[in-house]
Amino acid sequence: MEQHPMASSPQPAAILPPGRLLFEQVATALVADGLVADSDLERVRFSAQGAKNASEVHPLVLLANLKLAASGGGELGLERLTDWLAKRTGTRYLRIDPTRVDVASVTALVSHAYARRHRFLPLAVDSERVLVATSEPLAQEWRRDLQHLTRRPIELALVNPLDLHRYTMEFYGVTRSVRGAGGDARSETSSTLPSFEQLVELGRAGDVNADDQHIVHIVDWLLQYAYEQRASDIHLEPRRDMGRMRFRIDGVLHKVFEVPPAVMTAVVSRIKVLGRMDLGERRRPQDGRIKTRSPGGREVEMRISTMPTAFGEKCVMRIFDPDAAFKSIDQLGFSAQEAAGWNTLVEQPHGIVLVTGPTGSGKTTTLYSTLKRLATPDVNVCTVEDPIEMIAPEFNQMQVQTNIDLDFASGVRTLLRQDPDIIMIGEIRDLETAQMAVQASLTGHLVLSTLHTNDAPSAITRLLDLGVPHYLLASTLNGILAQRLVRTLCTHCKVPHVLEAADWAVLADGQMAYPDAATPYRPVGCLECRRTGFMGRIGLYELLPLGSRLRGRIRADMDLGAFSREARGAGLRTLRQAGLEKVALGLTTIEEVLSVVPPADEPPSLPDR
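Criteria and cut-off values
- Residues numbered from 1 in each chain as written.
- Predicted model: local features only at pLDDT ≥ 70, side-chain atom pairs only at ≥ 80, totals over all residues.
- Heavy atoms only, no water.
- Salt bridge = Lys/Arg side-chain N within 4 Å of Asp/Glu carboxyl O.
- Helix = DSSP H or I, 4+ residues; strand = E, 2+ residues; numbered from the N terminus.
- Buried < 20%, exposed > 50% of the residue type's maximum accessible area, 1.4 Å probe, protein only.
- pLDDT = per-residue confidence, 0-100.
- Contact = heavy atoms within 4.5 Å.
- Axes fitted to C-alpha atoms, helices over the stretch in contact; angles between N-to-C directions.
- Parallel < 35°, antiparallel > 145°, perpendicular 65-115°, else oblique.
- Nonpolar A, V, L, I, M, F, W, Y, C, P; charged D, E, K, R; others polar.
- UniProt positions renumbered as here; feature names shortened; annotations may be inferred.
- Pairing = 2+ DSSP bridges.
- Phe/Tyr/Trp six-rings, centres within 6.5 Å; stacked < 30°, edge-to-face > 60°.
- Lys NZ or Arg CZ within 6 Å of the ring centre and 35° of its normal.
- Core = buried A, V, L, I, M, F, W, Y, C linked by side-chain atoms within 4.5 Å.

Bringing the pattern of salt bridges into the picture now. For the coordinates displayed, the defined rule picks out 28 salt bridges. Among the ionic pairs, R166 bridges to E228, the shortest N-O distance being 2.2 Å. One end of the pair, R166, is in helix 8 (residues 161–182); the other, E228, is in helix 9 (residues 213–228), and 62 residues separate them in sequence. Of the residues examined, R166 reaches a relative accessible area of 23% and is grouped as partly exposed. The class of E228 is partly exposed, set by a relative accessible area of 33%. The partner of R318 in a salt bridge is D233, and the shortest N-O contact between them spans 3.0 Å. Here the residue R318 occupies a position in strand 11 (residues 312–320), and D233 occupies one in strand 6 (residues 231–237), the gap between them amounting to 85 residues. Residue classification places R318 among the partly exposed residues on the basis of a relative accessible area of 26%. For D233, a relative accessible area of 6% puts it in the buried group.

With 84% of its residues at a pLDDT of 70 or more, the protein shows a mean pLDDT of 82. Within the protein, strand 1 (residues 2–4) has the poorest average pLDDT of any element, 46, and strand 12 (residues 351–356) the best, 96. Segment residues 2–13: pLDDT under 50, and 32 contacts once partners within four positions in sequence are set aside and those in other chains are kept. A low-confidence stretch, residues 602–609 (pLDDT under 50), is modelled with 19 contacts involving residues beyond four sequence positions or located in other chains.

Two elements in contact, helix 1 (residues 23–32) and helix 4 (residues 78–89), have axes separated by 12 Å at closest approach and are oriented at 85°. The orientation of helix 1 with respect to helix 4, classified from their angle, is roughly perpendicular. Between helix 1 and helix 4, the contacting residues are V26, A29, L30 and A32 on the first element and L81, W84 and R88 on the second. Of the residues in the contact of helix 1 with helix 4, the class split is 6 nonpolar, no polar and 1 charged.

What follows concerns the UniProt feature "domain: Bacterial type II secretion system protein E" (unreviewed entry) in the protein. Residues given the UniProt feature "domain: Bacterial type II secretion system protein E" (unreviewed entry) here are residues 416–430. Across residues 416–430 one finds 0% helix and 27% strand; the C-alpha atoms that close the span lie 19 Å apart.

Looking now at the pairing of strand 17 (residues 477–489). With respect to burial, strand 17 is a largely interior element, 12 of its 13 residues being buried. Both strand 12 and strand 17 contribute to a ladder of 5 bridges, which runs parallel. In the sheet register, V355 faces strand 17, and the bridge partner there is L481. Of the strand pairs in this sheet, strand 17 and strand 20 (residues 534–545) are connected by 10 bridges, and their pairing is antiparallel. Across the sheet, residue A482 finds its bridge partner in strand 20, namely E542.

Scanning the entire structure with this criterion turns up 9 aromatic pairs. Pairing W221 with F257 gives two aromatic rings, centres 5.5 Å apart and planes at 65°, and the pair type is edge-to-face. On the criterion of sequence distance, the pair formed by W221 in helix 9 and F257 in strand 8 (residues 252–259) is long-range, its members being 36 residues apart. Here a set of aromatic residues connected by ring pairs shows up, and it is made of Y167, F171, W221, Y225 and F257. Stacked on the ring of F534, the Lys or Arg R487 has its end atom at 4.2 Å from the ring centre.

This brings us to the nonpolar core. In summary, soluble globular proteins display a tendency toward joint burial of nonpolar side chains. Core analysis: the largest hydrophobic core is formed by 62 residues, its most contacted members being L236 and M317. Examining the composition of this core, we find that 9 residues originate from one element, helix 9, more than from any other. Sequence-distant contacts of M317, that is, excluding residues within four places in its chain, are made with L222, L223, S232, D233, I234, L236, I271, M302, R303 and I304. Listed in part, the 51 residues of the second largest apolar core include I352, V384, A567 and L572.

The subject of this paragraph is the pairing of strand 11. With 8 of 9 residues buried, strand 11 is to be regarded as a mostly interior element. As judged from the 4 bridges shared by strand 6 and strand 11, these two strands associate in the antiparallel manner. Paired with I234 across the two strands is M317, which belongs to strand 11. Turn length for the strand 10 (residues 299–309)-strand 11 hairpin, with the two strands adjacent in sequence and antiparallel, is 2 residues.

Our focus in this paragraph is the sheet that holds strand 15 (residues 422–425). Taking strand neighbours across the sheet as the criterion, the 7 strands line up as 14-13-15-16-12-17-20 in an open arrangement whose pairing is mixed. Looking along the sheet, the strands with just one partner apiece sit at the ends: strand 14 (396–399) and strand 20. Each adjacent strand pair in this sheet contributes to an overall mean axis angle of 20°, direction not counted. As paired elements, strand 13 (residues 381–385) and strand 14 share 4 bridges and run parallel to each other. Across the sheet, residue V384 finds its bridge partner in strand 14, namely M398. On top of the sheet, helix 13 (residues 336–346) reaches strand 12, strand 16 (446–451), strand 17 and strand 20; it is set at about 55° to strand 20, its chief contact.

With that settled, consider the sheet that holds strand 9 (residues 286–293). The sheet built from 6 strands is open, its strands ordered 8-7-6-11-10-9 with antiparallel pairing. Whereas interior strands pair on both sides, the edge strands pair on one side only; in this sheet they are strand 8 and strand 9. For this sheet, the mean angle separating the axes of adjacent strands, direction not counted, is 20°.

In this section: helix 17 (residues 457–466). Judged by how many residues are buried, helix 17 sits mostly within the fold: 8 of 10 residues are covered. Among the residues of helix 17, P457, S458, A459, I460, T461, L463, L464 and L466 are the ones counted as buried. Positioned one or two residues after helix 17, G467 has a phi angle of 115°, which is positive.

Here's what the structure looks like:
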């Protein structure tokens, strides 16, 4: 859980007595501590008296709703008031991170009714202690009962009252749904393994209905948490004893929940129903998509992929947030120089522009953002994709369908008869698709596509290996952009960090001096970033425009090493150097950059300071 020890609180001028917090007592204590002016006290009292059900609402919530101005500046919001109360009562302040809570174990400690009545929620239990969140730090009638029940010391933390109420309802709600969905199927474990092990006992039915209200609730809860936690992917992984649900956040997987095998099977079935997939087919991989709304009201698309495993169907949902997919070039992390070079490439009337990098490096986001800017009313933009990851009204998008022989090559062939100005090919995988891309560029079209290569120069040898003639490649290829994604340091907790020259050299390839104006930082970890030290991701870019000199180097027997050295001599900034710039700007760390960039061609030499 995310927490930090509070400094010792000052001696209060107004005592908060034991028991439930009362509005009058809290308001008086705020005035005594100088957070609220005396002149505001009467207005606060009057507003509280006029509030409906004021006695049932937590005093901090009532005060936060008044949007009072603090004496020291700023607004007295709920988090600030909770932090004040934590210091006032000598309690640790905590913000609940649902991805760090073992929901099944903590909800088994006490009943939902008991937790609601006493306004507390267990968050973690181990051999040493029980961590309990509360919004009533001075009312602890429950403490002796829980300590006697668990036979462990109680560690208390104060949380936002609204968060406490919400997570109490949701944690106990999803646990109740899992238990309700499991039902009698728990005694029929073998029948819930729809792959190898089911062959042992054929004919026994223990599956939970995908339309069961408990399953519907679990899926809704899962999607809601994924949006709120900024997850890019949801992984549902069946196992022999308990299935795992995990979120990928900023490129790192976090375990969220565990459910019995029967419930996992039903959850995957529910998702397949929503994605209009074949519910009866569990032996073959399937693809589907869901379009829904996030809790904030934005339309969000999810791409679904299932595959058979030893203990059932594994399901992965990739979440495509329109706000993330259609960012501006500057928001993606391009420097001013890189943005100018990229815009020059994609604004040419014809030719091929490639974006390269491994899966999950942000290639599709870069292409969508670029096409969004290029798709003016007087331009016809057509795409052929597998699959269509985001629906954009500005484009004419075609889905590859191999079952009817509509592949990338035949898709491009069709698009050429649709009077396009710009064509985007989801990926160049074979010679036929590459030949169609070359043909399209030769006939006056701008073609954008992706390749899976380590860096920009190796995209050329990849196309040569596919069988594209070198002279056609030299005449049609305008440029290549290689990219990676690295986690960015959390702005709330990062601290300056002095790097040794030797550390700098590891990243600099021995080609750049240690920048005098560099301000590197290191991660620390705080409430905002879940103690990881990182929040969000940013792109690293290696842009290779092909001028006449480099075009002349493209030959059938091209030496990639010599070509790369000449490209660097002509001004190519490698991915490592782009990472160096982000480290110097204090956006990320050397370790993060080295974890994603390709290895250096040559051992780096120590840079001059």
